[in-house]
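Single-letter residue listing:
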Amino acid sequence: MATILVTGGTGTLGQVLVERLLGDGHDVRSLSRRPHTGAGRPRPRSHAVDLRDGTGLADAVAGADTIVHCASSPAGGDTEAAGRLVRAARAAGVGHLVYISIVGVDRIPFGYYRTKLAVERLIEDSGLGWTVLRTTQFHHLVLGVIKAGARSPVLPVPTGVRVQPVEVREVADRLAGLAAGAPAGRVTDLGGPEVLEAGDLVRTTLRAGGRRRLLVPLWLPGASGAALRRGENLTPQHADGRRTYAEFLAARTGGGAARNGG
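Note that the structure is predicted; figures quoted are calculated from it, not measured.

Section: the environment of Gly 160
As for its position among the elements, Gly 160 is in the loop between β7 (154-158) and β8 (162-163). On the accessibility criterion, Gly 160 (38% relative accessible area) is partly exposed. Each C-alpha atom, one on Gly 160 and one on Arg 230, is 8.6 Å from the other, the two residues being 70 residues apart in sequence. For Gly 160, the residues in contact, after removing those within four places along its chain, are Leu 228 and Arg 229.

So, in structure tokens, the structure goes:
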């Protein structure tokens with residue numbers, strides 16, 4: 001078994017990945033700005049490290065065979081954080097760096113996507129053994145965006161936009177397998193089992209939560225809107241996920257948790 005460090009180990013994906021790797025018998029370290037709070041046994045070794053300044057990073061990576069880089073911040077600083085991680089990994093002799101990215105980062109000109117692409121390239125040029133996995137949006141993210149919009153009685157719905165949500169546990173399973181293997185470069189994308197219209201996702205979510213909202217079509221302007229309407233965020237040829245968004249909602253809400261903010 002390997003010694004594997006997971007950055008962002010307390011996040012939506014990171015915590016599930018840590019649990020999966022522990023279950024597989026690996027020696028797991030969780031790196032995050034806050035302590036790991038998973039209830040399971042055994043627990044990972046927790047390293048309180050802020051990649052924005054790198055304090056304590058050298059100790060966290062020392063002796064690691066593989067790093068899975070899940071930490072990310074839409075607020076910025078990811079490129080600099082990745083640079084610190086790469087330098088620390090090289091100094092520690094880490095053999096494999098795995099990175100989780102997003103389908104369409106090279107085709108959709110969102111600022112956050114451009115940053116993810118820059119981190120991909122930094123890792124590819126790092127001199128380390130590397131693996132990059134791109135996935136579509138997690139079920140949790142889709143739910144969170146719709147719930148945020150549903151705070152208003154009028155809910156805008158992007159026109160002509162489709163989404164292919166994927167289950168976070170299935171992403172964690174894929175990452176765990178990659179982390180235990182040899183560096184593989186850019187691997188096959190992972191998408192959810194269904195490509196769904198944004199409007200259908202919104203209606204399904206509202207129905208599961210017992211909510212009613214006025215849906216108003218929204219035309220997304222510019223190059224990013226056009227890219228989304230072309231489906232650059234999708235990977236239908238790799239619809240390898242199994243759990244549908246409706247199944248995710250049913251398990252999560254139990255018929256009413258979304259109504260109560262769950």
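Now that the structure has been shown, we can carry on.
Remarks on the side chain of Arg 134
For Arg 134, the location among the structural elements is in strand β6 (residues 130-135). Residue class for Arg 134 comes out buried when judged on its relative accessible area of 3%. Of the polar contacts made by the side chain of Arg 134, one reaches the side chain of Glu 120; its length is 2.8 Å. Those residues in contact with Arg 134 that sit more than four places away from it in its chain are Ser 101, Ile 102, Val 103, Val 105, Asp 106, Leu 117, Glu 120, Arg 186, Asp 189 and Leu 190.

Considerations on the packing of aromatic side chains
Scanning all chains against the criterion turns up two aromatic pairs. Taken together, a centroid distance of 5.2 Å and an interplanar angle of 85° make the contact between Phe 110 and Tyr 113 edge-to-face. You can call Phe 110 partly exposed: its relative accessible area is 31%. When the ring centre of Trp 219 is taken as reference, the NZ or CZ atom of Arg 229 above it lies at 3.6 Å.

Section: the pattern of salt bridges
Following the criterion strictly, the structure yields twelve salt bridges and no others. Between Asp 50 and Arg 52 there is a salt bridge; the shortest N-O distance is 2.8 Å. Taking relative accessible area as the criterion, Asp 50 reaches 18% and is therefore assigned buried. When its relative accessible area of 52% is taken as the criterion, Arg 52 is described as exposed. The salt bridge partner of Glu 232 is Arg 230, with a shortest N-O separation of 3.2 Å. The class of Arg 230 is exposed, set by a relative accessible area of 52%. Overlapping salt bridges, with partners in common, bring together Asp 106, Arg 107, Glu 120, Arg 134, Arg 230 and Glu 232 in one network.

Points about helix α5 (residues 139-149)
Within α5, the full set of buried residues consists of His 139, Val 142, Leu 143 and Ile 146. Seen along its axis, α5 keeps its buried residues to an arc of 95°; they face one direction.

Definitions and cut-offs
- Residues numbered from 1 in each chain as written.
- Predicted model: local features only at pLDDT ≥ 70, side-chain atom pairs only at ≥ 80, totals over all residues.
- Heavy atoms only, no water.
- Helix = DSSP H or I, 4+ residues; strand = E, 2+ residues; numbered from the N terminus.
- Buried < 20%, exposed > 50% of the residue type's maximum accessible area, 1.4 Å probe, protein only.
- Contact = heavy atoms within 4.5 Å.
- Polar contact = N/O pair within 3.5 Å; in protein donor to acceptor, adjacent residues only side chain to side chain.
- Phe/Tyr/Trp six-rings, centres within 6.5 Å; stacked < 30°, edge-to-face > 60°.
- Lys NZ or Arg CZ within 6 Å of the ring centre and 35° of its normal.
- Salt bridge = Lys/Arg side-chain N within 4 Å of Asp/Glu carboxyl O.
- Arc of directions from axis to C-beta.

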